Amino acid sequence: MSLEFHELSKQVYDEVHIAHTDLSLNPGVFNVLLGPTLSGKTSLMRLMAGLDQPSTGSVWFKGQNVTGIAVQRRNLAMVYQQFINFPNMSVFENIASPLRIQKLSESQLRPRVEKGAELLKLTPYMHRKPNELSGGQQQRTALARALVKGADLVLLDEPLVNLDYKLREELREELPRLFADTGATVVYATTEPHEALLMGGYTATMREGRVTQYGPTHEVFRKPHDLATAKAFSDPPLNILNLKRTAQGFEGEQGLSLKLPPFQNVPVDEYILGFRPHHLQIQGNAKDILELSGEVTVTEITGSESFIHLKWAEHDWVAHTQGVMHLPPGEKLELYVSASNCLLFDDQEQLVPAQV
Amino acid sequence: MKKITWLIPTVYIVFLMMPIYWLVNMSFKTTNEILGSFTLWPNNFTVENYVTIFTDPTWFMGYVNSLTYVTINTIISLLVALPAAYAFSRYRFLGDKHLFFWLLTNRMAPPAVFALPFFQLYSAIGLFDTHIAVALSHCLFNIPLAVWILEGFMSGVPKELDETAYIDGYSFPQFFFKIFIPAIAAGIGVAAFFCFMFSWVELLLAKTLTAVDVKPIAATMTRTVSTAGYELGLLSAAGTLTIVPGAFVIYFVRNYIAKGFALGRL
Amino acid sequence: MRSERFHDALGRQLLFTLLILLIEVPLGVGIALTMPRQGIGVTICLVLMALPLLIPWNVVGAMWNIFALPDIGLLGKMLNGVGFDYNFTQNPFWAWATVVAMDVWHWTSLVVLLCYAGLRSIPDAYYQTSKIDGATSWQVFRYIQLPKMKRVLTIALLLRLMDSFMIYTEPFVLNGGGPGNSTTFLSIDLVKVALGQFDLGPAAAMSIIYFFVVLLLCWVLYTLMMRDETN
Amino acid sequence: MSSITLKSLRHSYSPNPQTEEDYALRKIDLTWRDRGAFALLGPSGCGKTTLLNLISGLLKPSEGQILFDERDVTTLPPDQRNIAQVFQFPVVYDTMSVYDNLAFPLRNRKLPEAELDERVQRIAKMLSMQNQLKQRASGLTAADKQKISLGRGLVRSDVNVMMFDEPLTVIDPHLKWELRSQLMRLHQQVGFTMIYVTHDQTEALTFADEVVVMYEGQIVQIGTPEELFSKPRHTFVGHFIGSPGMNLLPCEWSAGAAVFAGHRIPLNKNLPHPASSNLQLGIRPEFIRLASEGIPAQIQRVDDVGRYRIIKAEVGGTNLNIYAGEEVEIPSDSLHLDFDPDHTHVYCDGWMHEAKG
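Per chain, residue numbering runs from 1 following the sequence as it is written. The order in which chains are written sets their letters, starting at A; the order in which ligands are written sets their numbers, starting at 1. Given that this is a predicted model, residues contribute local features only at a pLDDT of at least 70 and side-chain atom pairs are listed and counted only at 80 or more, while totals for whole chains, interfaces and linings are drawn from all residues. For the side-chain quantities, the full set of heavy atoms in the structure was used; hydrogens and water were omitted.

Draft legend 1. Region of the structure containing helix H2 (residues 91-101) of chain A. Between buried and exposed lies partly exposed: a residue is buried under 20% and exposed over 50% of the maximum accessible area for its type, with that area taken using a 1.4 Å probe on protein chains only. Think of it this way: any DSSP run of H or I at least four residues long counts as a helix, any run of E at least two long counts as a strand, and we number them from the N terminus. Taking burial as the measure, the eleven residues of H2(A) include nine buried ones, the bulk of the element. In the core, the buried residues of H2(A) are packed alongside helix H3 (106-119) and helix H4 (135-148) of chain A together with helix H8 (159-168) and helix H9 (172-183) of chain B. Residue contacts are counted whenever heavy atoms from the two residues lie within 4.5 Å of one another.

In structure tokens form, the structure reads like this:
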């Protein structure tokens, strides 16, 4: 295990930024921290970096307790959401800065800086100052500095959020590969579930200062342990339905009957059923457990897919389908969700596993 | 609408320039012409007044003295204000929201009140009539001002810049001198400008704390008024020369002046 | 401290402060609003306007003395030329007018510079939105420029308030606080008592009162101006 | 409400433009019909904000005309054009309450107080801000402030066009969904002509009936989201829209057909011989199917994006992306590809190669 938190918490005055977290991140892999704004991603990263000290608990890196060790003495790199570069230095000097501090000779340093600049397509701008660069180039400079340093731990705090959409797409693909060769443990914070999925590796979902789940990205996505994780990892938002257990099985709001597959027995009466927008289908098949009729409020079309916003009872749902569908508002639609795509949560919002 | 827009500043500038013009005008006149007739420009153009100033050591040493203590003051003020402003911009502590107000209370007390204690203090420790004495006394109101201006500029630099440097491995002094100071160079320029300005224009303390050796130019001029009668031409020439350093400084920091105030925290 | 002389000086001081604030602040705001926003005009305006701030205070006094003298000064000659019986060394009214004019000349630029800086920090989108909303120039001033200038305006007000209490050198050099005591403000009176008559006891007491008057005025002003910001 | 026509519009920020490069906008001809929802899409610096500011009257064009319906408004100031604009960062009058903010444009137009109140209340309800009307605007969150900016436009009945300049930049991803669908619902209710500027393809495509794609000061394509997706007229559009964008494969022309990596690619149309040899084959990842026979390809990597997967494959030294739904079985190393002929296009010097007439 590379980076570990033991009973970590962080409080600033009365505000809890991080609530009691135990976590060990896998070494040498790409880890994504996923959660909405103010869910504690940045606070956690600052504790990882040693920029802030935890209120309780400890941070361990490579088997050593690093709590309280000065930032300068930890071999790490960090890239922020804002474009942070040293304004008085050229791109070359910016990238070279951590190496200069390590007292590398010019001949050792130059090839590394040039290689880093090349990987991030900065070679033509080596002599410019940061304020003479576009936003994308500034952020590439910051990333190159983190890459070249050869740090054991690389922290990327929403580095792509202020960039143009297409540029973001491009860097999103490059980043995991760029850092894969360095052997560093990378932590990447984002608010976008889609980004987490694209980045692959491992994901830790966060909500209200807690890490709700950590594991391989696809496992967390497909088998969230609780409602908070499922919500954090869904874009468009997770569709939700309240259920009650009756003598016959489960019953939804408005007397809706469902053919739920057998779930492990949990001694509670109230449940929440969650299903992702792309699992809410408008064509049925044999495995469907839920059939209902919703009313279209708005349809959004991207050219290849449609987001159909629906109203069912008091709930606002979204169906995300492949293909273009022009549906007028007010139209009634038959909707289907299949059994394998249902997530059932108990009254404590914990996932109820299906019976094997 | 368009016409009024340039008219107001223009009229104002003309108003500002009139007394200055009159001063310059006089400085090129002979005393006889000044007292003898009223002319809008010098009829007998002369640079004699200036020659007198540049050849008489009591005159030009006044300039040297003034510039010396102003420079010393600017340096001391900045050296003290830089760390103080850094603390204010990077850390939160009780009452820092009213920083500006508390710093300003220093300016509320009249220099006249301070003149006497300063006089006694410096006399006691043998600093009386030295450049450093004047420079130190001017720190009283210049340091708060410099702290306030610098704090504004420093708050404009994200604290993530500091952190990036620490993460890169910079120690605090390395970061402060290699990265932070260049990053707020404009702010240092503006703060220096204001220190220079207030030290240069202040007279009461400067006069009280000096006697012979380091008499500032302003005091030399007062002497002219009182002892040599109204040597108006000479006085005007000396006055004109006191405007020159200020004009130079203002020209150098012209692009930062507006910014300097805008960033200050209240 | 029931000295009549002190009360007179304090009264004169308050009147003077009120007068110059009433002139300098609106004038400064007005000039800042009409200043060019870009181009070479900005530099010219800033450099020329800042010039009076950089002149040693006794030179300001001396300069105005020369400028205003009825026989050889441009201002004195002009005013007498258009039929005023202008003589600031003899007539208290003209002495006051001259001292106020001198202060306006000397310090309005500070208000201008501060306000100009405040105005520059308003993003274009605000002006564009107000244009689109159909706001008049007065509304733009009232709802956009004034709120955004509030911070710098507070600074300007406080500085001018304090410094007007400090005013000493300029009127002293101009005409020594006269004629009579008509332009003897608080600071001048203080120095007269302290250094002129070596009456250190009363001078010290006066300084303390002076300090508390300024502190009180500033605090009231500061709290009033900042009230909205905190909640 | 009105239609908007741009006639040979050009704009340069330099006073004496010499070359084409001096123009931030190079000749725009365009008509937007009344009550439509339109988007201007392009990367930063493509001229979309310039175009927006020309329409709102904040800039005067160097050449050309702008018509609202039949009326020439080229020289009119913004307040006489009856437009509303929402900027990237929220603009509110800090010292006013939410109510006064919303009422401001109406008071300036001397609307009777009763009617004004009725309208403000209605808009506040639409924006679900009824309970915040008395609050001071300065204390609100960025999202709420942006809603007010929006509301100040919606409250007016005389608006010819409502314009949005990347209005969701400051909004959290989860709130974006809510605000965007709210905006679309409002559009359906109020029916203003709306123009939405963004660099985010999802925002543009989902919002607009018709999207204008801009690139280096020029319009490269105008079309519905479907058209842009299925028939990109230029390789830039193909690349810019869709994520990942269109696969652009080098190809040759031989005996009336496109040849890619030694394979003749079937097209569903007869194309003349292209004028240039700079040819590319364009096909979107969504339109490549896995088949038992066809073009052989090597799998390099499979990215699981949750809802679907992206197969990164290689054919004769060229990389391409293939879309595979959750249900598709992906073989382990090599596979055969089948290009949908309806959605396979040939690009000549970047522009779509089409049959004449």
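Still more to cover.
Draft legend 2. Representation of the nonpolar core within the structure. Residues A:Leu33, A:Leu44, A:Met48, B:Leu150, B:Ile184, B:Phe198 and C:Met49 are the most contacted members of the largest nonpolar core, which totals 204 residues. Here the element with the most residues in this core is helix H5 (residues 92-120) of chain C; it accounts for 16 residues. Leave out the neighbours within four places in its chain, and C:Met49 touches B:Pro9, B:Tyr12, B:Ile13, B:Leu16, C:Ile31, C:Met35, C:Ser109 and C:Val112. Among the nonpolar cores identified, the runner-up in size contains 50 residues, and D:Val92, D:Ala143, D:Val155 and D:Val159 belong to it. To qualify as a nonpolar core, a set must consist of buried Ala, Val, Leu, Ile, Met, Phe, Trp, Tyr and Cys residues joined through side-chain atoms within 4.5 Å.

Draft legend 3. Broad picture of the domain arrangement of chain D. Residues and elements named next belong to chain D. As used throughout, domain bounds are those supplied by an automatic or database domain assignment. Segmentation of chain D into domains returns domain 1 (4-235) and domain 2 (245-352). Here the C-alpha centre of domain 2 lies 38 Å away from the C-alpha centre of domain 1. Each partner contributes residues to the interface: domain 1 has nine residues there, and domain 2 has twelve residues. The term salt bridge refers to a side-chain nitrogen of Lys or Arg lying within 4 Å of a carboxyl oxygen of Asp or Glu. Where domain 1 packs against domain 2, one counts zero salt bridges. Distance and chemistry together define a polar contact, namely a pair of N or O atoms within 3.5 Å, with one atom able to donate a hydrogen and the other to accept it when in protein, and with adjacent residues in sequence counting only for side-chain atoms on both sides. One can count six residue pairs in polar contact (both at pLDDT 80 or more) joining domain 1 with domain 2. Residue contributions to the side of domain 1 that touches domain 2 peak at three residues, all from helix H7 (residues 225-230). All residues other than Ala, Val, Leu, Ile, Met, Phe, Trp, Tyr, Cys, Pro, Asp, Glu, Lys and Arg, Gly among them, are scored as polar; the first ten of these are nonpolar and the last four charged. Residues of the side of domain 1 that touches domain 2, tallied by class, amount to four nonpolar, three polar and two charged.

Draft legend 4. Examining the pairing of strand E9 (residues 202-207) of chain A more closely. All names here are of chain A. The pairing criterion for strands is at least two bridges between them, as found by DSSP. Across four bridges, strand E3 (residues 30-34) lies against E9 in parallel orientation. What sits directly across from Asn 31, in E9, is Tyr 202. One ladder, built from six bridges, connects E9 with strand E10 (residues 210-216); its direction is antiparallel. Residue Met 206 lies in a different strand from E10, and its bridge partner there is Val 211.

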